[in-house]
Amino acid sequence: LYAQLAPRSTDYVGALNQLGNVYSTHMEDAAAAQVYAQAIGVSESLQEPDQGQLQTLYGNLAESRLYLGEFDAAESAYARVVELARRSTGEGHYRFWYPMASYARTLHLRGERKRAMAMFEQLLASIPHSLTDLQDEAAANVREIYAGCLVAEGRAEQAIPLLEELERRYLKNSPFEFDLRSMRNTLGDAYDHAGRATDARRALKASLDDWTAKGDQDYFPVLRIRERWGRFLL
């Protein structure tokens, strides 16, 4: 309907983004990437594109490209997100932190670990000690992404204190109901890599039980924790 009646509107862009999200949820990442790219094309053709909407779209496109293993395309999309965030809010704003962390994680995944860690260190150093609730939420996301990268490169002992602090935080207050179980997957992975089998069992099993109770059995995070739990048992 939007394509027929309002092909040049931010509402059409929003509808395309929602369609992309549906494809992404069902792990149809090629279709999701195609729709996100279409939404970006429509948005950038507008006289006054919604910069926040564009930032979301490029972030979603980057994630889909990442799941497809298209690291160059994912990096390019995340670089665009960071550029938009820097231009619209500035590096000191909490809305800049998550895109920058996601960009660094993408570099880390493709093997540019030294560059990625330098970006993480600069980002973490820029986050103030006294935070508002929204800033604290964004900072927690950054630390979780950073900790996951530490675990991936064999620095689990360094990651564990960060993740344990996040576990305590999410037990008290969590902005999203999946935060705790998602983080416990990473924490259990860290414990396992550090040789702390009892702690790993506790964290991974808690994540497994929570995901399987609340998520569809073919949902990607459910499949991921089931695979990790099986690997732990082996």
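Summarised in this report is the structure supplied together with it. As the structure is a prediction and not an experimental result, all values here were calculated from the model. (Residues numbered from 1 in each chain as written. Predicted model: local features only at pLDDT ≥ 70, side-chain atom pairs only at ≥ 80, totals over all residues. Heavy atoms only, no water.)

**Notes on the overall build of the chain**
And then number 1: For the chain, the helix and strand inventory stands at 12 helices and 0 strands.
And then number 2: In sequence order, the secondary structure elements of the chain are arranged as α-α-α-α-α-α-α-α-α-α-α-α.
And then number 3: In terms of overall dimensions, the chain has a C-alpha envelope of 60 × 40 × 35 Å along the principal axes.
And then number 4: At a minimum sequence separation of 6, the contacts of the chain that also span at least 24 residues come to 52%.
And then number 5: For the chain, the computed accessible surface area is about 12300 Å², with 50% contributed by carbon and sulfur atoms. (Helix = DSSP H or I, 4+ residues; strand = E, 2+ residues; numbered from the N terminus. Contact = heavy atoms within 4.5 Å. Areas by Shrake-Rupley, 256 points an atom, 1.4 Å probe, with all protein chains shown as cover.)

**A word on helix 2 (residues 10–25)**
And then number 1: Spanning 16 residues, helix 2 covers 23 Å between terminal C-alpha atoms, matching the ideal 22 Å at 1.5 Å per step.
And then number 2: Residues of helix 2 that are buried include every one of Y12, V13, L16, N17 and G20, and no others. For helix 2, the angular spread of the buried residues around the axis is 140°, confining them to a single face.
And then number 3: Turning to helix 2, the residues buried within the fold contact helix 1 (2–5), helix 3 (29–45) and helix 4 (51–67).
And then number 4: Count one or two residues on from helix 2 and you reach M27, which has phi positive near 60°. (Expected span 1.5 Å × (residues − 1). Buried < 20%, exposed > 50% of the residue type's maximum accessible area, 1.4 Å probe, protein only. Arc of directions from axis to C-beta.)

**Some remarks on the pattern of salt bridges**
And then number 1: Following the criterion strictly, the structure yields 24 salt bridges and no others.
And then number 2: In this structure, E91 and R86 form a salt bridge, with 2.7 Å as the shortest nitrogen-oxygen distance.
And then number 3: Residues joined in a network through salt bridges with shared partners are D72, E75, R110, E112 and R115. (Salt bridge = Lys/Arg side-chain N within 4 Å of Asp/Glu carboxyl O.)

**A short note on the side chain of R228**
And then number 1: Structurally, R228 is set in helix 12 (residues 220–233).
And then number 2: Given the relative accessible area of 4%, R228 is considered buried.
And then number 3: Here D192 takes part through its side chain, which lies 2.8 Å from a polar atom of the side chain of R228.
And then number 4: Other than its neighbours up to four places away in sequence, R228 contacts N185, D189, D192, H193 and L204. (Polar contact = N/O pair within 3.5 Å; in protein donor to acceptor, adjacent residues only side chain to side chain.)

**What about unusual backbone geometry?**
And then number 1: Residues other than glycine seldom take positive phi values, yet M27 does so here, at roughly 60°.
And then number 2: By secondary structure assignment, the location of M27 is in the loop between helix 2 and helix 3.

**Some words on the nonpolar core**
And then number 1: Core analysis: the biggest nonpolar cluster contains 65 residues, and Y58, W97, M100, Y103, F120, L163 and M183 have the highest contact counts within it.
And then number 2: If you tally residues by element for this core, the top one is helix 8 (residues 133–152), at 10 residues.
And then number 3: Sequence-distant contacts of F120, defined by excluding residues within four places in its chain, comprise A101, A104, R105, I145, Y146 and C149. (Core = buried A, V, L, I, M, F, W, Y, C linked by side-chain atoms within 4.5 Å.)

**Considering helix 5 (residues 71–88)**
And then number 1: Across its 18 residues, helix 5 extends 25 Å between first and last C-alpha, which sits within 8% of the 26 Å expected from 1.5 Å per residue.
And then number 2: For helix 5, every residue scored as buried is listed here: A74, E75, A77, Y78, R80, V81, V82, L84 and A85.
And then number 3: On its buried face, helix 5 is in contact with helix 3, helix 4, helix 6 (94–109) and helix 7 (113–126).
And then number 4: Just past helix 5, the residue G90 takes up positive phi, approximately 90°.

**Section: the packing of helix 2 against helix 4**
And then number 1: One way to put it is that helix 2 packs onto helix 4 with a least axis distance of 11 Å and a crossing angle of 25°. Classed by the angle they form, the pair helix 2 and helix 4 counts as roughly parallel. As for the relative orientation of helix 2 and helix 4, their crossing is left-handed in sense. Contacts between helix 2 and helix 4 involve T10, V13, G14, N17 and N21 from the first element and Q53, T56, L57 and N60 from the second.
And then number 2: When the residues that make up the contact of helix 2 with helix 4 are grouped by side-chain class, the tally is 2 nonpolar, 7 polar and no charged. (Axes fitted to C-alpha atoms, helices over the stretch in contact; angles between N-to-C directions. Parallel < 35°, antiparallel > 145°, perpendicular 65-115°, else oblique. Left-handed = near helix turned anticlockwise from the far one by under 90°. Nonpolar A, V, L, I, M, F, W, Y, C, P; charged D, E, K, R; others polar.)

Everything listed is a geometric property; what it means functionally is a separate question.
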